[in-house]
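Observations on the model geometry
Listed below are the residues making up each chain.
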Amino acid sequence: MTKPIYVLNGPNLNLLGTREPDVYGRETLDDVRQRTEKKASALGLSVEFRQSNREGELVDWIQEARSHASGLIINAGAYTHTSVALLDALLATDVPTMEVHLSNIFTREAFRHHSYVSQAADGVICGCGPRGYELAVEALADLIDRPAEAG
Ligand code: DQA
């Protein structure tokens, strides 16, 4: 059995749907979770979907992913642009990793143009809204080592 893909969401993403809908859209984080699970299931994968407003909790979950996940999708929210701790945790984690942002961080304020997470990610998807999570699952499906199928 392939281990789940950990999908980790950072601060304020629990407010999706009502938070700056002109930037982030009207889908809730639960809608995003359902989309992500559906895509993963279609590809024979499962998902462990989490959100935290706390940097240390995200670090703990990335460390957990080292042994419990087959792949990692991370939208670190604002910690993307500030957190060396998240970068260090990701650098210590040898599972395929995709960075996702709902908005196109490169068309926004200059402080959003730099990502610490990118340095440890196999790929980055931004500006595609919730669909970005599905695209990240598709990308991971090609990167994850799976046990040979029986038969
Ligand atoms: C975000 C972009 C970040 O700059 C911002 O701080 C977020 C959300 C996105 O998904 O577009 O919280 O990661």
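It should be noted that the structure appears before, not after, this text.
Residues numbered from 1 in each chain as written. Predicted model: local features only at pLDDT ≥ 70, side-chain atom pairs only at ≥ 80, totals over all residues. Heavy atoms only, no water.

Here's the deal with the side chain of H101
Its location among the elements puts H101 in strand β4 (residues 97-101). Once residues within four sequence positions are removed from consideration, H101 is found in contact with N75, T80, I125, C126, G127 and C128. (Helix = DSSP H or I, 4+ residues; strand = E, 2+ residues; numbered from the N terminus. Contact = heavy atoms within 4.5 Å.)

A word on the site of the ligand
Residues in contact with the ligand, as listed here, are R19, Y24, N75, G77, A78, H81, H101, L102, S103, I105, R108 and R112. In the environment of the ligand, an oxygen atom lies 3.2 Å from a nitrogen or oxygen atom belonging to the backbone of A78. Bound to the protein, the ligand loses 99% of the 320 Å² it would expose on its own. Per-class residue counts for the shell around the ligand are four nonpolar, five polar and three charged. (Near = heavy atom within 4 Å. Polar contact = N/O pair within 3.5 Å; in protein donor to acceptor, adjacent residues only side chain to side chain. Areas by Shrake-Rupley, 256 points an atom, 1.4 Å probe, with all protein chains shown as cover. Nonpolar A, V, L, I, M, F, W, Y, C, P; charged D, E, K, R; others polar.)

Quick look at the pattern of salt bridges
Counted by the stated rule, this structure contains eleven salt bridges. R35 is the salt-bridge partner of E134, the closest N and O atoms lying 2.6 Å from each other. Here E134, found in helix α5 (residues 131-143), pairs with R35, found in helix α2 (residues 29-42); they are 99 residues apart in sequence, far enough to count as distant. Put simply, E27, R35, R131 and E134 are held in one network by salt bridges that share partners. (Salt bridge = Lys/Arg side-chain N within 4 Å of Asp/Glu carboxyl O.)

A word on the nonpolar core
Judged by nonpolar contacts, the single largest core of 22 residues is most densely connected at I5, V7, L16, F49, I73 and Y133. Counting residues per element, the ones that place at least two in this core are β1 (5-9), α2, β2 (47-51), β4 and α5. In this structure, F49 is in contact with V7, N9, L29, V32, R33, T36 and Y133, ignoring residues within four places of it in sequence. The next biggest cluster of nonpolar side chains, apart from the first, holds 19 residues, and it includes L8, W61, Y79 and V95. (Core = buried A, V, L, I, M, F, W, Y, C linked by side-chain atoms within 4.5 Å. Buried < 20%, exposed > 50% of the residue type's maximum accessible area, 1.4 Å probe, protein only.)

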